[in-house]
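If you want the building blocks of each chain, they are given just below.
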Amino acid sequence: MQPTDTPPPPLPRHRPLLDPAAEYGRWITDRPLARITLWGDTHPWLVTRHEDARAVLGDPRFSARNVRPGFPGLQPTPPPPTPGQLFAMDPPDHTRLRRMLIPEFAFRRVEQLRPAVRRITGELLDGLVEKGRPADLVEHFTLPLPLLVICELLGVPYADREFIHRHAAAFATVTAGPEAMRAGWAALFGYLQELLAAKSREPGDDLMSKLAVERVATGEATAAEAAGLLVQLLIAGHETTASMLSLGVVALLRHPDQLAALRADDTLVPGAVEELLRYLTVVHIGLRRIATEDVEIGGVTVRAGEGVVVALQSANRDPAVFGDPDTLDLTRDAGRHLAFGHGLHHCLGQSLARAELQTALPMLFDRLPGLRLAGPPPERHAFEGRAIHGVSELAVTW
């Protein structure tokens, strides 16, 4: 780009509570693959169409390694290499480490966890009712539920939840600057390294103990790699599901016809969760890649060394794939959504997230049939500067 050229439009950082940023509705038709500005003179390609998003995410010529020169980072300063960051790895290391976790997140294992999810959900609802009306649903339900579940799975003491959430939130913030993100990661990394060492001495029946005994002690993974994996699981295992639960409640309350249909027919629950995942798409900033060789996407050649940002929230509202995409329709077949990504890096914990959403939402509305929003509109508490879209508070009564 010449200095006199008009820079491409910026990547949208703000969005309405339940919808994608308004720009995507125009761009998916007018400029489905075009340059955008991340910061300064960084101008990666933005992918907005469903077909192109699948093509990029499924093509091994697009690397996820965020330390590659030219990678479309969210900050001007490239992050230091961090062990165990699956989302920023390519094969063979990605394959080696991901394989260690697959059994713990397989469908059969997650089905075994469903009774625990129901128990935790019921206990939280008991506490919510006991506290009385009105209540902050985020504080008392949507945030602690996935955090309790992932802590139980990993073997992390839930008593440390405030420490965990504080540092996980700092790492997930994209406007706080690289130092805050690194500090959040470092705090969790150090905490989990110590816990991992303790588990190696006194193992239990949890994922962290299995990593310590079966992977680290055998030399298949280093202690640093295992701790890095656990940090990622802890962050991803509660931030995204907590946001989906909160926004899912808002979406259903603002679409009473859809909520009534869901409450009348519990067979709709699995499909309704898929539609909510498509409709809300809480991954806000997008998935980022860099081309390792020239690749043609949607009739455009992306050159080796050029960055790409895949806008999942746009791809999931693509009218070429989802008819009337801006309408929430719980009877829709939304199975092709990309809320969990696609390809090599598709979300490892998607079965667990589905189990939590399929359990928590029906139980919440069954226990509190008169649930409704209270206080100021939840838009007031929408996250700003977060890679994951959601709300920090959600006042409700019943």
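Here, every reference points to the structure presented above.
About the cut-offs
Residues numbered from 1 in each chain as written. Predicted model: local features only at pLDDT ≥ 70, side-chain atom pairs only at ≥ 80, totals over all residues. Heavy atoms only, no water. Helix = DSSP H or I, 4+ residues; strand = E, 2+ residues; numbered from the N terminus. Rg over C-alpha atoms; globule rule 2.2 N^0.38 Å. Buried < 20%, exposed > 50% of the residue type's maximum accessible area, 1.4 Å probe, protein only. Contact = heavy atoms within 4.5 Å. Areas by Shrake-Rupley, 256 points an atom, 1.4 Å probe, with all protein chains shown as cover. Pairing = 2+ DSSP bridges. Axes fitted to C-alpha atoms, helices over the stretch in contact; angles between N-to-C directions. Core = buried A, V, L, I, M, F, W, Y, C linked by side-chain atoms within 4.5 Å.

> Would you take a moment to explain the overall build of the protein for this structure?
When its secondary structure is counted, the protein shows 15 helices and ten strands. The C-alpha atoms of the protein give a radius of gyration of 21 Å, which matches the 21 Å a tight globule of 398 residues would have. Taking the principal axes of its C-alpha atoms as reference, the protein extends roughly 65 × 55 × 35 Å. Counting all 398 residues of the protein, 55% fall into the buried class. Counting contacts in the protein only where the partners sit at least 6 residues apart, residues at least 24 apart contribute 73% of the total. Of the roughly 17100 Å² of accessible surface on the protein, 53% is carried by carbon and sulfur atoms.

> Looking at this structure, I do not really get the sheet that holds strand β3 (residues 62-63). What am I missing?
Hydrogen bonds between backbone groups are what pair the strands of a sheet, and the pairing can be parallel or antiparallel. Pairing in this open sheet of five strands is mixed, and the strands run β1-β2-β8-β5-β3 from one edge to the other. Since the sheet does not close on itself, it has two edges, and those belong to β1 (33-35) and β3, each with one partner. Taken together, the three bridges between β1 and strand β2 (residues 45-47) define a ladder with antiparallel strand orientation. Within the sheet, the bridge partner assigned to Leu33 lies in β2 and is Val47. Contacting β2, β3, β5 (287-291) and β8 (307-310), helix α2 (residues 50-57) runs over the sheet at an angle of about 125 degrees to β8.

> Honestly, the nonpolar core in this entry has me stumped. Any pointers?
Proteins that are soluble and globular tend to have nonpolar side chains buried together. Ranked by internal contacts, the top residues of the largest apolar core, which has 107 residues, are Leu101, Val156, Leu192, Val249 and Leu276. Looking at this core, the element that brings in the most residues is helix α11 (residues 239-253), giving nine residues. In contact with Leu101, not counting residues within four places along its chain, are Leu86, Leu207, Leu211, Leu229, Leu233 and Leu348. Residues Ala21, Ile36, Leu46 and Ile285 belong to the second largest nonpolar core, which totals eleven residues.

> What am I meant to see in the pairing of β5 here?
Side-chain positions along a regular strand alternate between the two faces of the sheet. Summarising the sheet, β3 and β5 pair through two bridges and their orientation is antiparallel. Within the sheet, the bridge partner assigned to Phe62 lies in β5 and is Ala291. Strand direction decides the pairing type here: β5 and β8, joined by four bridges, are antiparallel. Within β8, the position partnered with Arg289 by the bridge is Val308.

Honestly, it's all geometry; don't read function into it.
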